[in-house]
Amino acid sequence: MPMPKPEQASMHVKTLVLGSGCFWGAEKRYEAMRGVIDAESGYADGTGFKASYQEIIKRSRRFDERNFAEVVKVTYNANILTTDTLLQRYFESHDPTQKNRQGNDIGTQYRSTILFSEQTQRDIAFDLKAQYQILLSAKGYGDIKTIIKPLKKFYPAEEYHQNYLVKNPNGYCPDHSTGVVFKPVNTQEKNNDVLLSGKHIVVIDSKNYCPYCEKLKKIVLNDYQGDVRLHFRYADELHNLEIKSATWATPTILFLENGKEVFGHQGFMDKTHFYKALGAFKLGDSEAYSVAFQKGTQRPFCKEYDIFKNTPEGVFIDKLSGASLFDTKDRFNSGTGWLSFKYPVKGSVTYHEDTSFGMTRTEIRSKSSGIHLGHVFANEGPNGTDRYCINATVLDFVAAQ
């Protein structure tokens, strides 16, 4: 009796074509799921003309039922990622009750659609649609508009649309999810009372994978130690706050004072722009802001200098980022009216050529925030050391414990 042939691995590789609005953010979310082999942006479920981006976005096709939909072809290993789990995430990642739109994106190209390749996928899709309708109705949402039908043909999108988020590093992920999930996690509601007093930074995070959110954390926020407190919230956790910015993009960075938005930015922010925005928020129109961002110079023997020249042991920190810059053990009195140090904290500053005012000098900036600190002068310190001439207005002081 012949032995049965082992099941081929390829039998577990399946594809689903999913439409949930603009395909840029959706493609990246699917790629981040464990078990997804590939996610490719494209067009499907249209007829009568060539499937291309320039064609589907024509004004005449905006409400054309024959228009192609923006979709993502998801190739996945069903042994690792079940069709059930994939489609649950699909429904949770957008608002399927909106017809021919997602948020501000309006037109038939943005319709919610599931295009299946096999009968089992169809059955699971209809079953989950019915389950999700019950959950949505309980939260006050209307009928699901998602179209479920067999895939006829998938047309890959132009190369510049593939991996769009990688090619456009300073954007945001659109998040039009309802917040309704198949398996609710018992989490305590965020208390925003602390945000109603004083100045705060609030970053609207994503419940799904958002590469821009992760990039913002890695490059800017993970090292932030400033005294303007940083908080993360989801879009549905902003109750009792006065927010002016749209909250459907992640990340969105909000600067709040006494619970009211003063400034908001949608999308990734690099260090330079983040700290300049924070500087304007925290320092306002002040000498400290002028020094930090306009390479200004404080008056000699100013108030801050008098406060900082004889502090107890401790560390001087960046006024915005909170990073350590200078230690009191390296401070000395130069008699110039500016704080002077022999050395900075290792790795805390960067050096830049400064030819302003007809002079050639070496400018010192904070490595963490990029703000201007002052200048370094060779061999002008004790025993031939250098003199780091620093503006006290851009520093804060932390006493040794």
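Since this is a predicted model, take the numbers as computed values, not measurements.

Engineer: With reference to specific residues and values, describe the side chain of Glu 363.
Structural biologist: Examined against the element boundaries, Glu 363 turns out to sit in strand E20 (residues 361-366). Here Glu 363 falls in the buried class, since its relative accessible area comes to 1%. Within the structure, the side chain of Glu 363 is placed 2.9 Å from the side chain of His 372, a separation counted as a polar contact. Discounting chain neighbours no more than four positions away, the residues touching Glu 363 are Lys 295, Thr 350, Tyr 351, His 352, Asp 354, His 372, Gly 374 and His 375.

Engineer: Any details on the nonpolar core? Residues and values, ideally.
Structural biologist: One finds Ile 201, Phe 274, Leu 278, Phe 326, Leu 373 and Leu 395 to be the most contacted residues of the largest nonpolar core, which totals 44 residues. Among the elements that line this core, the one with the most residues is helix H7 (residues 271-283), at six residues. With near-sequence residues (within four places) excluded, Leu 395 lies in contact with Phe 308, Phe 316, Ile 317, Lys 319, Leu 325, Leu 339, Leu 373 and Ile 390. Of all hydrophobic cores here, the second largest spans 34 residues; its members include Leu 16, Tyr 30, Ala 39 and Ile 114.

Engineer: How would you sum up helix H1 (residues 23-31)? Please name residues and give values.
Structural biologist: For H1, a buried count of seven out of nine residues is recorded, marking the element as mostly surrounded by other parts of the structure. The set of residues buried in H1 consists of Phe 23, Gly 25, Ala 26, Glu 27, Lys 28, Arg 29 and Tyr 30.

Engineer: Lay out the pattern of salt bridges with the relevant residues and their values.
Structural biologist: A complete count under the given rule lists 23 salt bridges for this structure. Taking the shortest distance from any N to any O, the salt bridge between Arg 61 and Glu 55 comes out at 2.7 Å. The exposure class assigned to Arg 61 is buried, which follows from its relative accessible area of 14%. Asp 64 serves as the salt-bridge partner of Arg 66, at 3.6 Å between the closest nitrogen and oxygen. With relative accessibility at 47%, the residue Arg 66 sits in the partly exposed group.

How each quantity is defined
- Residues numbered from 1 in each chain as written.
- Predicted model: local features only at pLDDT ≥ 70, side-chain atom pairs only at ≥ 80, totals over all residues.
- Heavy atoms only, no water.
- Helix = DSSP H or I, 4+ residues; strand = E, 2+ residues; numbered from the N terminus.
- Buried < 20%, exposed > 50% of the residue type's maximum accessible area, 1.4 Å probe, protein only.
- Polar contact = N/O pair within 3.5 Å; in protein donor to acceptor, adjacent residues only side chain to side chain.
- Contact = heavy atoms within 4.5 Å.
- Core = buried A, V, L, I, M, F, W, Y, C linked by side-chain atoms within 4.5 Å.
- Salt bridge = Lys/Arg side-chain N within 4 Å of Asp/Glu carboxyl O.

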